[in-house]
Amino acid sequence: MSAIEIRNLSHRFSDGSVGIDGVNLTIAEGEFVTLLGANGSGKTTLLRHLNGLLRPTGGSVMIKGRSVAADPGRARRLVGMVFQDADTQIVGETVYEDAAFGPTNLGWDPEQIRRRTVAALSAVGLADMGHRPCHRLSGGEKRRLAVAGALAMGAETLILDEPFANLDHIGARQVLATLGRLRDRGRTVLLATHDLDRVAARVGRVVVMSCGRVARDGRLGDLLPDLERYGVQPPCPCRLAPEDGERKLKMDGTARGADTAGMLT
């Protein structure tokens, strides 16, 4: 079963402008897909349909075989979205409270909430920061906290809109390493970015948006000659090979996180 199946999806805004137009896209479970395109190409509009934040004008989105429109609550549990400004998603005073917010609102048993929240924070390298006030986190830590909140609710697919915006090199590497580990454990990742240099070493499949449509879909190496025509800056050639030690990158809580994947299922 596909993680995401999009069929003839269209969205027209109230002013009559077209956001996306006849998008067809299937994403398999466990894929890491990078969504590219110039400003206004439709990337964010597409992402917001995947867990029901926007309703389509036409077409459909299926999450693991069930329509988002028919069951948006299920879609929002299975598809966790991380916005460009992670501060807008933080609602708890502390790291633990924020990660536990979603499961608490679902009315789960307190022990289940505790177990899943601890496992989620460990999985993103924030295991030792549960009592830290959220306002003291770095930009990269806030994005990882947003991912933890989605994992605690049972997200199997992670959607990220410009996750490297305003991050320094270390913060961006930590976010990317977290996503890589989660993908290696079977999570599906769909990431929209302008910063192809950041992800080039990990990119497999690339989807290029233009004028609200899917313009290209394939392997990064095959699409490199065409990227500039769609307003996408090709990555530096030095970024196309995995960085030395990328998969060995360590951060607080990483080693412990490796043992908690089973607690999140």
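Some points on the nonpolar core
Most often, soluble globular proteins have nonpolar side chains that are buried together.
Logical step 1: Leu145, Val147, Leu151, Leu158, Leu196 and Leu227 are the most contacted members of the largest nonpolar core, which totals 44 residues.
Logical step 2: Among the elements that line this core, the one with the most residues is helix α5 (residues 139-152), at seven residues.
Logical step 3: Within the second largest apolar cluster, 25 residues are counted, among which are Ile4, Ile6, Ile20 and Leu47.

Brief notes about the sheet that holds strand β3 (residues 32-36)
Logical step 1: Strand order in the open sheet made by the six strands is β6-β7-β8-β3-β9-β10, with mixed pairing throughout. Among the strands making up the open sheet, the edge pair consists of β6 (79-82) and β10 (213-219). Across the sheet, the mean angle separating the axes of adjacent strands is 20° when strand polarity is ignored.
Logical step 2: The sheet contact formed by strand β9 (residues 205-210) and β10 spans six bridges and is antiparallel. Residue pairing in the sheet places Ser210 in a bridge with Arg213 of β10.

Structural notes on unusual backbone geometry
Logical step 1: One non-glycine residue, Glu162, adopts positive backbone phi at about 50°.
Logical step 2: You can see Glu162 is positioned in the loop between β7 (157-161) and α6 (169-184).
Logical step 3: Assessed through its relative accessible area of 9%, Glu162 is described here as buried.
Logical step 4: Residues other than glycine seldom take positive phi values, yet Asn166 does so here, at roughly 65°.
Logical step 5: Tracing the backbone through its elements, the reader meets Asn166 in the loop between β7 and α6.
Logical step 6: Looking at Asn166, the relative accessible area reads 80%, which means it is exposed.

What to know about the pairing of β3
Logical step 1: In terms of burial, β3 is largely enclosed, as five of its five residues are buried.
Logical step 2: Burial of β3 is two-sided: the residues Phe32, Thr34 and Leu36 facing one way and the residues Val33 and Leu35 facing the other way are all buried.
Logical step 3: In this sheet, strand β8 (residues 188-192) lies alongside β3 in parallel orientation, the contact comprising four bridges. The partner of Phe32 across the bridge, within β8, is Val189.
Logical step 4: As paired strands, β3 and β9 are joined by four bridges and run parallel to one another.

Describing the confidence of the model for the protein chain
Logical step 1: Overall, the predicted model of the protein chain reaches an average pLDDT of 88, with 89% of residues at or above 70.
Logical step 2: Residue range residues 243-262 is modelled with pLDDT below 50. Its contacts to residues more than four positions away, or to other chains, number 38 contacts.

Looking at the pairing of β7
Logical step 1: Of all the five residues making up β7, five are buried; the element is thus mostly covered by neighbouring parts of the structure.
Logical step 2: Residues Thr157, Ile159 and Asp161 line one face of β7 and the alternating positions Leu158 and Leu160 line the opposite face, and both faces are buried.
Logical step 3: In the sheet, β6 pairs with β7 via four bridges, with the strands oriented parallel. Each bridged residue has a counterpart across the sheet, and for Met81 the counterpart in β7 is Ile159.
Logical step 4: Pairing of β7 with β8 involves five bridges; the strand directions are parallel. Looking at β8, one finds that Asp161 is bridged to Ala192.
Logical step 5: After leaving β7, the chain enters α6 and then returns to the sheet as β8, a path that is right-handed.

Examining the pattern of salt bridges
Logical step 1: Under the defined criterion, the tally for this structure stands at 12 salt bridges.
Logical step 2: Residue Asp87 is joined to Lys142 by a salt bridge in which the shortest nitrogen-to-oxygen separation is 2.8 Å. In this pair, Asp87 is assigned in the loop between β6 and α3 (95-105) and Lys142 in helix α5, connecting sequence segments 55 residues apart.
Logical step 3: Accessibility expressed as a relative area gives 14% for Lys142, which makes it buried.
Logical step 4: Close ionic contact of Asp184 with Arg183 constitutes a salt bridge, the shortest N to O distance being 3.1 Å.
Logical step 5: Judged by its relative accessible area of 46%, Asp184 is partly exposed.
Logical step 6: On the basis of relative accessibility, which here comes to 18%, the residue Arg183 falls in the buried class.

Describing the side chain of His11
Logical step 1: The topology assignment puts His11 in strand β1 (residues 2-12).
Logical step 2: Setting aside its immediate chain neighbours within four residues, His11 contacts Ser17, Val18, Gly19, Ile20, Thr45, His49, Leu54, Arg55, Pro56 and Thr57.

Conventions and cut-offs
Residues numbered from 1 in each chain as written. Predicted model: local features only at pLDDT ≥ 70, side-chain atom pairs only at ≥ 80, totals over all residues. Heavy atoms only, no water. Core = buried A, V, L, I, M, F, W, Y, C linked by side-chain atoms within 4.5 Å. Buried < 20%, exposed > 50% of the residue type's maximum accessible area, 1.4 Å probe, protein only. Helix = DSSP H or I, 4+ residues; strand = E, 2+ residues; numbered from the N terminus. Pairing = 2+ DSSP bridges. Axes fitted to C-alpha atoms, helices over the stretch in contact; angles between N-to-C directions. pLDDT = per-residue confidence, 0-100. Contact = heavy atoms within 4.5 Å. Right-handed = clockwise from strand over helix to strand, strands pointing away. Salt bridge = Lys/Arg side-chain N within 4 Å of Asp/Glu carboxyl O.

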